[in-house]
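Here's the letter readout for the chains.
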Amino acid sequence: MFEVKNIEDTDLSNNPVIAQMSKYNHEQLLFCNDNETGLKAIIAVHNTVLGPALGGTRMWSYKNEMEALNDVLRLSRGMTYKNSISGLNLGGGKAVIIGDSRTMKSEALFRRFGKFVNSLAGKYITAEDVGISPVDMTWVSKETNHVVGLPGKSGDPSPVTAHGTYVGMKACAKEQFGTDELSGKKVAVQGVGHVGEYLVDALAKEGAEVFISDIHEPTLKRVADTYDAKVVGLDEIYDLDIDIYAPCALGSTVNDETLKRLKCSIIAGAANNQLQNESIHGREVMKKGIVYAPDFALNAGGVINCYSEVKSLSAQWAMDKADEIYTTIQNIVKRSSSENIPTYEIANKMAEERINAISKDKLPL
Ligand code: NAD
């Protein structure tokens, strides 16, 4: 039921939202509220120079609204960079739904959210993210066509993400070892879920020696048995004598503590936000002579898969596009070494350069 509450006493004079938007030049924010379903959401459109803003919807029990706002601003900006460096004609956006994904979900809530997505008329295209299932997205799709990753469409993005991660890892090996052959190389894969398992499969097929860790014992055992991988402890993974560390579970695993212990030459995995602090740990990995494949460039297979659905392209097209991650990572690593700048900074620059070049000819939507 629509109800007007008394807002006379609300002081909006110190509202910091537009200040926050202007810090990283976000184009648009849409605050969504529906008392009947309990929907409280924020949709952020960061940049649409390259095309409509695509990025998933996350459902999370944020401590407060500012935490949700910070997250959606950060994540939507990240999507602009990911889509740009991957050569896609997409801008960056993201949505967050504030609430407990175990208790607050309903068809009505997601359909209401779908109406808000639809009100942006295609400027924002949504997809699944943390806390959201394909069923939830099916409800969203009852109210808007601007949704991808639905059951029966482009499907699970994990094989494409794993493929991109694998070829990007090979590009790092080429730069670090002079050959992109991974046969005989020791690779530790942290997290053997959707992406991790496909990655282990590719590595095992090539003859790499694979070490795996996971908090879910049954998955760990099944993957170890299927691919003849060696199980290591959750913490032990940071002390192994290995060539490549592939984080495929959590963010922030490259930090002060683990950098003292990691003995690898390459960090290349699918997990998002691997560097706990980009500027500190991005520099630190470089100082240690480790080649770090920037996560948002390496794990772009997922968004490539979504793009194939937006443009009605084939699954083979998505795999072929993910192959290009090899060249992208190679260019990043080469430029990082010639300009003596950490790889993550080079990746950001390359993403910005593409947007700036295009924005000279085309105004934002
Ligand atoms: P997933 O949930 O299927 O797999 C993650 C696995 O990590 C699970 O098996 C989980 O048990 C395990 N895990 C959790 N904590 C761990 C710990 N401390 N140590 C070891 N293992 C642990 O997720 P996914 O889809 O495979 O994605 C993996 C990562 O890649 C995530 O960070 C995700 O954001 C990122 N990513 C995924 C895709 C995709 O296409 N699925 C795309 C881009 C980025």
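Residues numbered from 1 in each chain as written. Predicted model: local features only at pLDDT ≥ 70, side-chain atom pairs only at ≥ 80, totals over all residues. Heavy atoms only, no water.

A. View of the site of the ligand. If you check the shell around the ligand, you find 20 residues, and the closest are T161, H194, V195, D214 and N272. Separating an oxygen atom of the ligand from a side-chain N or O atom of H194 is a distance of 2.6 Å. Between an oxygen atom of the ligand and a side-chain N or O atom of D214, the distance comes to 2.6 Å. A total of 830 Å² of accessible area belongs to the ligand in isolation, and the protein chains cover 74% of it. Those elements that place two or more of their residues in the shell around the ligand are helix 5 (158–177) and helix 6 (194–206). The class makeup of the residues in the shell around the ligand is 9 nonpolar, 10 polar and 1 charged. (Near = heavy atom within 4 Å. Polar contact = N/O pair within 3.5 Å; in protein donor to acceptor, adjacent residues only side chain to side chain. Areas by Shrake-Rupley, 256 points an atom, 1.4 Å probe, with all protein chains shown as cover. Helix = DSSP H or I, 4+ residues; strand = E, 2+ residues; numbered from the N terminus. Nonpolar A, V, L, I, M, F, W, Y, C, P; charged D, E, K, R; others polar.)

B. Looking closely at the packing of aromatic side chains. With the rule as written, the count across this model stands at 3 aromatic pairs. Of note, R77 hangs over the ring of Y24, and the distance from its end group to the ring centre comes to 4.0 Å. Positioned above the aromatic ring of F177, the side-chain terminus of K185 is 4.6 Å from the ring centre. (Phe/Tyr/Trp six-rings, centres within 6.5 Å; stacked < 30°, edge-to-face > 60°. Lys NZ or Arg CZ within 6 Å of the ring centre and 35° of its normal.)

C. Representation of the sheet that holds strand 10 (residues 244–247) within the structure. Spatial ordering of the open sheet is given by 9-8-7-10-11-12, a layout of 6 strands whose pairing is parallel. What marks the edges here is a single partner per strand, and that holds for strand 9 (230–231) and strand 12 (291–292). In the sheet, strand 11 (residues 266–267) pairs with strand 12 via 2 bridges, with the strands oriented parallel. Its bridge partner being in strand 12, I266 is matched across the sheet by V291. Each of strand 8 (209–213) and strand 9 touches helix 7 (residues 217–227); the most contacted strand, strand 8, lies at about 170° to it. (Pairing = 2+ DSSP bridges. Contact = heavy atoms within 4.5 Å. Axes fitted to C-alpha atoms, helices over the stretch in contact; angles between N-to-C directions.)

D. Focus on helix 12 (residues 315–323). Those residues of helix 12 lying buried are A318, K321 and A322. An end-on view of helix 12 places all buried positions within 100° of arc, on one side of the element. Structurally, helix 12 contributes buried residues whose contacts are with helix 5, helix 11 (301–310) and helix 13 (325–339). (Buried < 20%, exposed > 50% of the residue type's maximum accessible area, 1.4 Å probe, protein only. Arc of directions from axis to C-beta.)

Read these as geometric descriptors, not functional statements.
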